[in-house]
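A closer look at the structure
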Amino acid sequence: MTGVQTCALPISVSGTVTGADSDVSLTGKAVGGVQLGTLNVGGALSVSAPGPIVQSAGGVLKVGATTALDAGDAAVTITQAGNTLAGDIRLTGGRIDLESASAVVIEVDASDDARIQSNSSLTIKRAAIVGAASDLRLTSGGAMTLGDVVVGDGLALTAGGAVTQTAALRVEGAVTIAAGSSAVTLDRADNQIGGAVSITGSGAVALRDSNALSVALSNSTTARIEAGGDLAITSSGTQALALQVASPGDVTVQSAGALTVRAPLAAATSDLTVTAGGALTLASLNVGGSLSLAAAGAIGQGDEAITVGGAADLRSSGGAVTLARAGNVFGGAVKLGATSAQLRDTGPLAIELTLQGDAVIEATGEISLSGAVTGVGSDLRVVPGAGASLTLGATTVGGDLDATSGTALAVGALNVGGAARLGSAGALTQTGDWTIAGATTLVAPGQSVTLARAGNDFGGAVSIESAALQIRDRNALALSLATSGAASVRAGGVARLSGTITGAGNGLSLDVSGAELGALTVPGNVLIASTGAVSQTGALVAGGTTTVSAAGQTVSLSSAANQLAGKVTVTGAAVTVVDSDAALVIEF
């Protein structure tokens, strides 16, 4: 049936045209447009009018084949419940509003807002919503497929099934998507989204944009998001999220729950900032720029090594940081805060610690470390690469400290609540005062050890293997030495000293407030200046002269095994000197 009518009033059409090949074509020439009542067309329906095409209240439209409605710049409003449009649909108008109980396959050209709703699946073959402030709203009871879609402003998608695309999506404004438990896959490289994207649903998300992108996820558990510029992602809900991101720009991620991240961001300008409300796992990470991680739970890594080109700031407020895989690379300085930590680096490492528990820091290159491991009994172990140097800045350790340098070792202010063991293949020096509550073991064979700062305080026994030695303690000092060079010892309290000095002519100098000498061998001269008593519990073997200056104090060198080869000079109150060699030469 074909009809052409010219009238100022709307044309009203209703009726039934049976037969699968029975088509209806209406052309209205009046600005009043066309009003469709209850209309049942077995074949195709075509309506064209210079005015609105609308549906009367209570009318139902049923079309067995294609539907084409063209209202020029006027509205197309087909919104009655029960509409069934079986074939492809093409709508042209200003504002467009369509509802169908059946599956919809549609093309839309609109100069104003458009809304398409299907109680079943919805396929947009093409949509051009060209008004600068025009929105497109799509709703489906089942799957939704987007073809070539162009929207002047915002796009809203609500789907009862999966959301996919077959052509580029070009949206000037914001995009909102709700897909329940179904997947959202809009991952074409030529997508262009001008505004923020919001996705609600628990299904997998795959999203890509050729420009910078801002995405808000709600209830998502799996997402893969890529942008052509900077990328910002927020995830709400306490569910865990597995997230993969890609961008040539900066990436910022905020998750309210636990988070697993894959981030291949190799561009030198790409920085990554991640905040997680739970545990944070780095499944795969390659960041060309800087890295900032903050998690309420533990921070760990998967089976792959991580690479960071710039500085890294790693913070866990309620858990450990464990980044200990071989092959990890931290190209810039690292700041590390957590309850406890294990970190391993390939190459040199500069790191600052703020920890409450045990820590192990390793690198295949040199290490420069400072900071605090403050928990009572919390230990710190530092291991640079073979032959690589270690520099300790100001460092506080609640428990034991164990650190070794493959070359010289320079140490700043040191505060250790437990024992300290330091090894050095080069000279061992300090740039700040040391306070060590427990035992101190210094191993630097053949190297000088210089610990001469007045503020040092060694609370436990000190054992030193070195070449030349200088050591000072503001209080009492218990020292066992094995040096191949001369030794100089100063203490503000009693010095309890034993050990062996080797090397011809190497001597021992004491400046103390009392001395208790254990078994002690000195190939050179022994010089003791003391404001307290001088005594011994073991033999003194001195290859050179022995001079004791302890005015007004008791001096008792009474071991029968003493071997005093050179002249002995003693200043004191009560003086006792015993030498196993009858040729003792003594002067008072």
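Calculation notes
Residues numbered from 1 in each chain as written. Predicted model: local features only at pLDDT ≥ 70, side-chain atom pairs only at ≥ 80, totals over all residues. Heavy atoms only, no water. Helix = DSSP H or I, 4+ residues; strand = E, 2+ residues; numbered from the N terminus. Rg over C-alpha atoms; globule rule 2.2 N^0.38 Å. Buried < 20%, exposed > 50% of the residue type's maximum accessible area, 1.4 Å probe, protein only. Contact = heavy atoms within 4.5 Å. Areas by Shrake-Rupley, 256 points an atom, 1.4 Å probe, with all protein chains shown as cover. Lys, Arg positive; Asp, Glu negative; His and termini not counted. Charge placed at Lys NZ, Arg CZ, Asp CG, Glu CD. Phe/Tyr/Trp six-rings, centres within 6.5 Å; stacked < 30°, edge-to-face > 60°. Pairing = 2+ DSSP bridges. pLDDT = per-residue confidence, 0-100. Polar contact = N/O pair within 3.5 Å; in protein donor to acceptor, adjacent residues only side chain to side chain. Salt bridge = Lys/Arg side-chain N within 4 Å of Asp/Glu carboxyl O.

Secondary structure assignment for the protein chain yields zero helices and 71 strands. Expected size for 588 residues packed as a compact globule is a radius of gyration near 25 Å; at 42 Å, the protein chain overshoots this value by more than 25%. If you line up the protein chain on its principal axes, its C-alpha atoms span 145 × 35 × 30 Å. A burial count over the protein chain gives 47% of its 588 residues as buried. Here the contacts in the protein chain between residues at least 6 apart in sequence split such that 5% fall between residues at least 24 apart. Just so you have it, the protein chain exposes about 21700 Å², and 51% of that area is on carbon and sulfur atoms. Between the averaged position of the 25 positive side-chain charges in the protein chain and that of its 42 negative side-chain charges there is a distance of 1 Å.

Attention now goes to the environment of Ala350. Tracing the backbone shows Ala350 in strand 42 (residues 349–355). Separated by 251 residues in sequence, Ala350 and Glu99 have C-alpha atoms that sit 63 Å apart. Those residues in contact with Ala350 that lie beyond four places of it in its chain are Gly332, Ala333, Val334 and Ser368.

Before going further, it helps to examine the packing of aromatic side chains. The tally for this structure, following the rule as stated, stands at one aromatic pair. Here Trp434 and Phe458 contribute two aromatic rings whose centre-to-centre distance is 6.3 Å and whose plane-to-plane angle is 70°, an arrangement assigned as edge-to-face. In this pair, Trp434 is assigned in strand 52 (residues 434–436) and Phe458 in strand 55 (residues 457–458), connecting sequence segments 24 residues apart. Using a relative accessible area of 0% as the deciding quantity, one classes Trp434 as buried.

Within a regular strand, the side chains alternate between the two sheet faces. Counted residue by residue, strand 14 (residues 114–118) has four buried out of five residues, so it is predominantly covered. Both strand 12 (residues 96–100) and strand 14 contribute to a ladder of five bridges, which runs parallel. Across the sheet, the residue bridging to Asp97 is Arg115, located in strand 14. As judged from the five bridges shared by strand 14 and strand 16 (residues 136–140), these two strands associate in the parallel manner. Residue Ile116 lies in a different strand from strand 16, and its bridge partner there is Leu138.

Right, let's talk about the confidence of the model for the protein chain for a bit. Residues of the protein chain with pLDDT of at least 70 account for 97%, and the chain-wide mean is 94. Counting contacts from residues 1–9, a segment whose pLDDT is below 50, to residues more than four positions away or on other chains yields 25 contacts.

Tracing the backbone shows Gln55 in strand 6 (residues 53–55). On the accessibility criterion, Gln55 (10% relative accessible area) is buried. Along the primary structure Gln55 and Gln80 are separated by 25 residues, whereas in three dimensions their C-alpha atoms are 7.1 Å apart. Discounting chain neighbours no more than four positions away, the residues touching Gln55 are Leu36, Val60, Leu61, Thr77, Ile78, Thr79, Gln80 and Asn83. Engagement of the side chain of Gln55 in a polar contact is seen with the backbone oxygen of Gly59, the distance being 3.3 Å. Of the polar contacts made by the side chain of Gln55, one reaches the backbone nitrogen of Gln80; its length is 3.0 Å.

On to the pattern of salt bridges. The full count for this structure, using the stated rule, is 18 salt bridges. A salt bridge links Glu107 to Arg126, with the shortest nitrogen-to-oxygen separation between them at 3.3 Å. Taken together, the residues Glu107 in strand 13 (residues 104–110) and Arg126 in strand 15 (residues 122–129) connect sequence positions 19 residues apart. Take Arg126: its relative accessible area is 22%, and that puts it in the partly exposed class. For Glu304, the salt bridge goes to Arg262, with nearest N and O atoms at 3.5 Å. Taken together, the positions of Glu304 in the loop between strand 35 (299–301) and strand 36 (306–308) and Arg262 in strand 31 (residues 259–265) put the pair 42 residues apart, joining distant regions of the chain.

It is worth spelling out the side chain of Asn506 at this point. Within the fold, Asn506 resides in the loop between strand 60 (495–501) and strand 61 (508–512). By relative accessible area, which is 18% here, Asn506 ends up buried. Of note is the side chain of Asn506, whose polar atom sits 3.0 Å from the backbone oxygen of Ser484. Ignoring sequence-local partners within four residues, the contact set of Asn506 consists of Ser484, Gly485, Ala486, Ile501, Val522, Pro523 and Gly524.

This next bit is on unusual backbone geometry. Phi at Asn219 is positive, roughly 75°, even though this residue is not glycine. Accessibility expressed as a relative area gives 37% for Asn219, which makes it partly exposed.

The side-chain alternation of strand 53 (residues 440–443) yields one buried face, formed by Thr440 and Leu442, and one unburied face, formed by Thr441 and Val443. Inspection of the sheet shows strand 53 paired to strand 56 (residues 462–466) by four bridges, in the parallel sense. Bridged to Leu442 within strand 56 is Ile464.

Right, let's talk about the environment of Gly385 for a bit. Inspection of the secondary structure puts Gly385 in the loop between strand 45 (380–383) and strand 46 (390–397). With relative accessibility at 10%, the residue Gly385 sits in the buried group. Along the backbone, Gly385 and Leu323 are 62 residues apart, and their C-alpha atoms lie at a distance of 17 Å. Residue contacts for Gly385: discarding those within four places in its chain leaves Ala363, Thr364 and Gly365.

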